[in-house]
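# Per-entry structural report
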Amino acid sequence: DAGVTQSPTHLIKTRGQQVTLRCSPKSGHDTVSWYQQALGQGPQFIFQYYEEEERQRGNFPDRFSGHQFPNYSSELNVNALLLGDSALYLCASSLGLDIGLNGYTFGSGTRLTVV
Amino acid sequence: QQPVQSPQAVILREGEDAVINCSSSKALYSVHWYRQKHGEAPVFLMILLKGGEQKGHEKISASFNEKKQQSSLYLTASQLSYSGTYFCGTARISGSRLTFGEGTQLTVNP
């Protein structure tokens, strides 16, 4: 049973560019949450998608946007990249809006480096 | 409000015990514990719910003190495989996002 799949695994972009990260949730899960993890820090919540709508959003600027498709996969888009956007971006899937007793299933992340 | 984890780092010899704490200044609905090995995805360990009891397995267990809004993760008779960074994630109400602490780096040496 496949877990959470994220692509690409690594990415290098230049300041000002735009980037799209992709996530396929664990089979049977319908909710996708995105987290940003800076080096040596805990994951910070970006937003959550359920039924193709953004349901919750963390303290991130509008440069960060997302989408969820009918097959529950999701994309994270970041515009006008800044050096400070360099981080590991984690996708976490779950069933329903409540994380529930089984917690999140995380992907291995996309390492974004902005130069 | 980000929960505070302590200690920031701990080094053990195989077979020793460790306790990792997670404290919040706000009332919590649930506390999650995850372990992340270098270059890998965080892996869910367990969840403690408001009003719930201590949970876990024989060697990794956790408790949640509602009066103090503090959770503790207990690792007994540590194994090399326990090495990694442990994160607590807290939720203030059912269905809300998790807010993670900064993590506790655990190293178990032979």
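In what follows, the structure referred to is the one given above.
Residues numbered from 1 in each chain as written. Chains lettered and ligands numbered in written order. Predicted model: local features only at pLDDT ≥ 70, side-chain atom pairs only at ≥ 80, totals over all residues. Heavy atoms only, no water.

### What to know about the interface of chain A and chain B
- Contact residues are listed per partner, giving 23 residues for chain A and 17 residues for chain B.
- With both chains or domains summed, chain A and chain B bury close to 1600 Å², and 54% of this area falls on carbon and sulfur atoms.
- Taken as a group, Gln56(A), Leu101(A) and Phe106(A) account for 27% of the area that chain A buries against chain B, more than any other trio of residues on that side.
- Inspection of the region where chain A meets chain B yields zero salt bridges. (Contact = heavy atoms within 4.5 Å. Buried area = accessible area lost by both parts, 1.4 Å probe. Salt bridge = Lys/Arg side-chain N within 4 Å of Asp/Glu carboxyl O.)

### Digging into the packing of aromatic side chains
- Tallied over the full model, the rule gives eleven aromatic pairs over all chains.
- One aromatic cluster is present, formed by Tyr35(A), Phe45(A), Tyr104(A), Phe106(A), Tyr34(B), Phe44(B) and Phe100(B) through successive ring pairs. (Phe/Tyr/Trp six-rings, centres within 6.5 Å; stacked < 30°, edge-to-face > 60°.)

### A look at the side chain of Gln48(A)
- Within the secondary structure layout, Gln48(A) lies in strand S5 (residues 44–50).
- For Gln48(A), the contacting residues outside a window of four places in its chain are Thr31(A), Val32(A), Ser33(A), Glu53(A), Glu54(A), Arg55(A), Gln56(A) and Leu97(A). (Helix = DSSP H or I, 4+ residues; strand = E, 2+ residues; numbered from the N terminus.)

### Looking at the environment of Ala80(A)
Residues and elements named next belong to chain A.
- Looking at the element boundaries, Ala80 is found in the loop between strand S8 (74–78) and strand S9 (87–94).
- Judged by relative accessible area, which is 40%, Ala80 ranks as partly exposed.
- The spacing of Ala80 and Ala92 is twelve residues in sequence and 24 Å in space, taken between C-alpha atoms.
- Excluding residues that lie within four positions of it along the chain, Ala80 makes contacts with Gly16, Gln17, Arg63 and Asp85. (Buried < 20%, exposed > 50% of the residue type's maximum accessible area, 1.4 Å probe, protein only.)

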